Every structure is written in structure tokens, then in C-alpha cells.
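One letter stands for each residue in the lines below.
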Amino acid sequence: MNIYAIRAIYLFEMARTWRTLMQSIASPVISTSLYFVVFGSAIGSRMVEIDGISYGAFIVPGLIMLSLLTESISNASFGIHMPKFTGTIYEVLSAPVSPFEIVTGFVGAAASKSIILGILILATARVFVPFEIAHPWWMLAFLVLTALTFSLFGFIIGIWADGFDKLQVIPAMIITPLTFLGGSFYSINMLPPVWQQITLFNPVVYLISGFRWSFYGVADVSVGLSLFMTLMFLLICLFGVWWIFKTGYRLKH
Amino acid sequence: MHPIISVKQLGKQYASGHSALEDINLDIHKGEIFALLGPNGAGKTTLISIICGIVNPSHGGVTVDGNDILTSYRASRSLIGLVPQELFTNTFETVWATVTFSRGLFGKPANPAYLEQLLRSLSLWEKKDSKIMALSGGMKRRVLIAKALAHEPKILFLDEPTAGVDVDLRRDMWNLVRKLREQGVTIILTTHYIEEAEEMADRIGVINKGRLILVENKHSLINKLGKKQLTLHLQTAISALPNGLDHYELELTGNGSQLVYTYDVHAQHTGIAELLKTLNDHQIDFKDLQSSQSSLEDIFVNLVREHA
Ligand SMILES: Nc1ncnc2c1ncn2[C@@H]1O[C@H](COP(=O)(O)OP(=O)(O)OP(=O)(O)O)[C@@H](O)[C@H]1O
Ligand SMILES: [Mg+2]
């Protein structure tokens, strides 16, 4: 195991985060805070409770999830796409590092950044909305699993994309809509029965539901199912990364 | 002694179907400077990229110090440093950060003293905290060399290291190469400047259209393929070659004041004596004569033309 290489890649990627602190941390925190101000404090006080939870508190897990998903994908995809684009990837490809070490470095850094971000948003939310976390360890587990899974997903996108514009496509066209429709702002029990069924095809529903359960002990789908689905996504992404390195897909000619 | 790099029946076909390398067999000896010459698109970068693990071979294999580049890639790659042909550099990172990164990536523990000495030897120490994007092209080239040497490799690949580099840097670079060789580092370089190969290399390989058409010790190459020219400065200019000299490879230059005779150094029979005698018979007098040997450049041009 080339620990020095993992460390080098990880620190290099994290240095990029600190260098772009405004863009990478401050801006998502600010934009999410706006949601809490508007929906949590201003409008939220006039909304009815959902499952016995005030509306402001209800949307906290979903909004954290939204940032977690989009930021994990964009961090990881940018992190690997940049060296591919500038050509500096030659050094990683010529180094005595295994695919596992490369992925650990890049994805580990992207996931770390998302986790830091998630916790910062959580802390910011607490300023605007009062809430308690029922299962803090589960909350952390869902946070870490989701950050990891979607950083892996971002890594795949970063390798697949042949231009910077494509990096934005999947987060903007797929992840954001699925998150908005996945129960960030409402409980899926509030939907008409047909839509309740259709919504179950939206994978993000399981992520948000499980995460919300860790906060308030209530969920749209069972926690076991949420955990199972999260682990499934993780597995699928791991398989995708394994395949990329096995075939050299868009990495090596 | 087994070769430090052994390339066996190596072939590469790109996805486009283009065959960039065909049946390359090559042994590189430990501690030598090997120059790879060839026109644009010959396959030099492809060959280097395969040995370094950047491009997958289509068939055949390579071992580096006995380690197969695919199955024992850790061992083989740890030995190699690569300076790529293109200026692939990070933009926002500092020089210090990027060489530190390279050393770690190749599995070596931090060694600031070594890196300092390395940067100093490349006149980069003053720039260590500069962002790479703020450096000139020549400075970026030095950074790439520093990155390649950051993990103290035993083998160094220099893919056209002197392209677009000024005289000073070129001299520094060759001094560095000599110093590395003294330390036992094997160096493989590609270049379009044949004087460079002539001056630096121990052995030379010529590659054309994906085929290695020649590998030779530099001196024996010049000897073997070299042609000599004998130039005769005539006492009085002549307008045409007299009859009876047609079978000599003669050329009349300098408005008829010089006769140039081209002959093979290794021919049993250079024909000089007969030529001089025949000239004498025709009463062509000369006041001076000089002979010269063809350079590697001439040899190279001839070779590539032959295989075109
Ligand atoms: N990624 C690629 N896909 C398809 N063809 C390629 C690729 N890279 C190189 N080639 C082709 O392979 C051949 C060899 O290229 P290579 O870069 O190895 O040449 P070279 O000898 O290094 O040339 P130069 O002196 O210009 O650097 C060229 O015809 C080139 O067009
Ligand atoms: Mg080249």
C-alpha cells in the first residue's frame, strides 16, 4: 500500500478546497441558509407541522442532503476532470499507485469536503430553526455514506465527461430535480396515491427519508430500506470505478 | 548484466486503428544515455508512454529491471521518472507544493533537504513559492524536470527536453544529465536536435513509422554509415568534368573551382589514388585538398529517407 501517495493526493485535493474556500464552502452554506431564513423562519412559521415536526425543522435533513449530493458530485468530478483536462494526469498514471489508492485520495478528499460542508450547514440551520437530533450516530453514518457514494459517482462523471460543461449536466438535470421531488420539502404521504407509488422510483427518496429518520425518528420508508438502498448505490458506484480502471476507460489509450 | 529496460515485440494500435508501434525490440543498458531519434509521429512518445504506464500496449511486453510493467507495475514505475514532451503543469499550485506532491505520489517519505538541493540545482529555489502559472515556459520545463526527479528515480525519460528552450537552460540541462549519469541514472531521451544526440548519447535508436530501424553505438554508427568527402580546390576552374571520370561520384562546385568526391570510409577500395592519377592524366591540377566526415544528421536524414 502506497500510503504516501494516498496522502499526497488527498492533501493536494484538500489544498484546492482551502484555496477556493469562498466558492467551495462559503457559497453553498450561504445559499442553504437562505432556504432556512425563507422557509424555516419566515414562511415556515405559518405552515402546518408535518408528522409533528415544525416545517422549518422538517426541511433541514432534505436541504442538507441536497447540498451533500450536488457538492459531492461536483467536487469529485472536478477533482479528477481537471488533471485529465490539463494533462497533468500523466503523473498519476505513471506513478506506482493502485486504482484503490488513487480513488481513496481523490474520493476521500471530495467526501471529506462534503462532510465538512454538511456539518457546517447543519450548524447554520440550528441558528435559524430549533431542532434536536434523535440518532446522532446514525445521522453521521448516513452523512458519511452519502458523501462517499456520491463522491464516487462524481469521480465516474469526471472521467466520463469530455468537457467542463458536461460536469454540470448530471447534477443540474438529474440530481437537483430528483432531490426536490424526493421529499426535501414535503412528506411523500402528502402526495396523491399514484404519485406516492411513482416517487418510490426516485432513489433520492430513500436517502432523504433515512436521513430525516436519524433526526426525528419518523420516515417515509423504513430505515432498513433506506440503508439498504444507500449501500446499493455505494456498491454500484464502486463497481463503476472498478470497471473504469479495469478497462482504462477514458483514462488510458 | 541484464538490461535495465527490455522491450519485447511491442506493438501499439490506437483505438483509431492507427498502428503507432510495430514489433519493437530494444534493450536499454544500465547507466547509459540512450537517444531516440525519429521524425514527427514516428512513435517515440508512444513508446515512452507505454514503458511509463500511461498508454496500454496492444501486444508484447516490457520489463524494467526485471519487473513486468503490467504485473509488477509498482516496482517498475518506482524506478522511473518522466519529463513529458508537453508542458503539462498545474496552474494554481506553487513549485514547492507540486514537487512535494510528486515525491509522495511515488511513495517516498518527505525529504525537504533533498528537494531543496534539487530545486537549487535547477535554479528554481527562488521560485519555490511562486504559482506555476506565473512562470515562463522554460521555468515550467524545469519544474517538470524537478517533479520527475523528486523521487530519486534510477531511470529518467526526457521526451524532447530541449524543445523551445534557450541556450542557457539547454546547457544547464545537459550538465544535469551528465551529473545524473555519474550517479548511475539511466537516461532515455528523444530529441530533434541531432547534435544533441551526437554530443550526449552513448547509443542511438532511430525510429520511423513505428518501427525501430536501427540501434547502434554512436561512434560505430557514424563509422559504419558515415561517408567521407574529399574536396579538391583546383588550380584553374573547369567548366565540365572531363570524360573518363563518369564512374566516380564527383560533383563540380564553386563555379568549377572545386571538385567534391564522395566515398565510403569502409569500402575496400576508396578509389582516391586512381582519381588523383586520372586527374593528373587530364592535367587538372589542384592547390589544396580537404576531407570531411558526414555527421549524424546526414546519416539520420538518409536513413529515414531510405525507409520512407
Ligand atoms: N491518443 C492517440 N490516438 C490516436 N493516435 C495517436 C494518439 N497518440 C498518438 N497517436 C498517433 O501515433 C503516432 C505516433 O505518435 P507519437 O506521439 O508517439 O509520435 P512522436 O514520435 O512522439 O512524434 P513527435 O516527434 O511529433 O513528438 C502518430 O501518428 C500519432 O498521430
Ligand atoms: Mg513525441
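Worth saying up front: this structure is predicted, and the values here are computed from it rather than measured.

Q: What is the right way to look at the site of ligand 1 in this model?
A: Around ligand 1, 16 residues are found, and the nearest of them are Gly41, Lys44, Thr45, Thr46 and Gln85 of chain B. Lying at an intersection of chains, ligand 1 is approached by residues of chains A and B. Tyrosine 14 of chain B places a side-chain nitrogen or oxygen 3.4 Å from a nitrogen atom of ligand 1. Across the complex, the protein chains shield 70% of the 630 Å² of accessible surface that ligand 1 would expose by itself. The biggest single contributor to the shell around ligand 1 is helix H1 (residues 44-52) of chain B, with three residues. By residue class, the composition of the shell around ligand 1 is four nonpolar, ten polar and two charged.

Q: Any chance you could explain helix H6 (residues 167-182) of chain B here in plain terms?
A: Residues and elements named next belong to chain B. Here H6 contains 16 residues, and its C-alpha end-to-end distance of 23 Å stays within 8% of the 22 Å for a straight helix at 1.5 Å per residue. Restricting attention to buried positions, one finds in H6 the residues Leu169, Met173, Trp174, Leu176, Val177 and Leu180. Along H6, the residues classed as buried sweep out an arc of 160 degrees about the axis, all on the same side. Turned more than 90 degrees off the buried face of H6, the exposed positions are Val167 and Glu182. Elements that come into contact with the buried residues of H6 comprise strand E3 (33-37), helix H4 (112-121), helix H5 (137-149), strand E7 (155-159), strand E8 (186-190) and helix H7 (194-200). A positive backbone phi angle near 95 degrees is found at glycine 184, which sits one or two residues after H6.

Q: Could you clarify how one ought to interpret the side chain of histidine 151 of chain B in this entry?
A: All names here are of chain B. You can see histidine 151 is positioned in the loop between H5 and E7. Side-chain polar atoms of histidine 151 contact the backbone oxygen of isoleucine 80, separated by 2.8 Å. The residues touching histidine 151, leaving out its near neighbours within four places in the chain, are Arg77, Ser78, Ile80, Gly81, Arg103, Phe106 and Lys108.

The rules behind the values
Residues numbered from 1 in each chain as written. Chains lettered and ligands numbered in written order. Predicted model: local features only at pLDDT ≥ 70, side-chain atom pairs only at ≥ 80, totals over all residues. Heavy atoms only, no water. Near = heavy atom within 4 Å. Polar contact = N/O pair within 3.5 Å; in protein donor to acceptor, adjacent residues only side chain to side chain. Areas by Shrake-Rupley, 256 points an atom, 1.4 Å probe, with all protein chains shown as cover. Helix = DSSP H or I, 4+ residues; strand = E, 2+ residues; numbered from the N terminus. Nonpolar A, V, L, I, M, F, W, Y, C, P; charged D, E, K, R; others polar. Expected span 1.5 Å × (residues − 1). Buried < 20%, exposed > 50% of the residue type's maximum accessible area, 1.4 Å probe, protein only. Arc of directions from axis to C-beta. Contact = heavy atoms within 4.5 Å.

Keep in mind these numbers describe shape, not what the thing actually does.
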